[in-house]
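The primary structure of each chain is shown beneath.
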Amino acid sequence: MFGNPGFVYMITCEQFTKVGVSIRPQKRHAAIGAENPFPAYLVHTMATKHMVRSEKYLHKMLKAYHVKNEWFCLPDDIYFGLRAITDIDSFVRAGARLG
């Protein structure tokens, strides 16, 4: 399932950002919002042809900011850099970095 096309999403909750994949990011956002005591916001989605590859690439790139599972505490430059990505597949193919 996760080798298929879908979306990489960013959801924020307080100072934390979840970077994950889903074929239905709005539905995933609703589920995460229901699980958290604080409001969660779907702040960015990026269409991808390779969900697993894109997610693994970003998680590896964000390793220094990892908190738990798919949650990160990102500095502003990295957070806004991620939100500025429009073509995640090209970003990953190029081996691009943020910051």
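Residues numbered from 1 in each chain as written. Predicted model: local features only at pLDDT ≥ 70, side-chain atom pairs only at ≥ 80, totals over all residues. Heavy atoms only, no water.

1. Considering the overall build of the chain
Item 1. The helix and strand tally for the chain stands at four helices and five strands.
Item 2. Starting at the N terminus, the α and β elements of the chain follow one another as β-β-α-β-α-β-β-α-α.
Item 3. Its C-alpha atoms give the chain a radius of gyration of 13 Å, within 12% of the compact-globule value 13 Å for 99 residues.
Item 4. Dimensions of the chain along its principal axes, counting C-alpha atoms only, are 40 × 30 × 20 Å.
Item 5. Taking as baseline every contact in the chain between residues at least 6 positions apart, the subset at least 24 positions apart corresponds to 62%.
Item 6. Only carbon and sulfur atoms are counted for the fraction: they give 55% of the accessible area of the chain, which is about 5800 Å².
Item 7. Between the centroid of the 13 positive side chains of the chain and the centroid of its 8 negative side chains there is a distance of 8 Å. (Helix = DSSP H or I, 4+ residues; strand = E, 2+ residues; numbered from the N terminus. Rg over C-alpha atoms; globule rule 2.2 N^0.38 Å. Contact = heavy atoms within 4.5 Å. Areas by Shrake-Rupley, 256 points an atom, 1.4 Å probe, with all protein chains shown as cover. Lys, Arg positive; Asp, Glu negative; His and termini not counted. Charge placed at Lys NZ, Arg CZ, Asp CG, Glu CD.)

2. Focus on the environment of Tyr41
Item 1. Within the secondary structure layout, Tyr41 lies in strand E3 (residues 40-48).
Item 2. Sequence-wise, Tyr41 and Cys13 are 28 residues apart; in three dimensions their C-alpha atoms are separated by 6.6 Å.
Item 3. Dropping the residues within four chain positions of it, Tyr41 is found in contact with Met10, Ile11, Thr12 and His29.

3. Re helix H3 (residues 76-83)
Item 1. Those residues of H3 that sit buried are Ile78, Tyr79, Gly81 and Leu82. For H3, the angular spread of the buried residues around the axis is 165°, confining them to a single face.
Item 2. Structurally, H3 contributes buried residues whose contacts are with strand E1 (6-13), strand E2 (16-22), E3 and helix H2 (51-61). (Buried < 20%, exposed > 50% of the residue type's maximum accessible area, 1.4 Å probe, protein only. Arc of directions from axis to C-beta.)

Without other data, these values stay purely geometric and don't point to any function.
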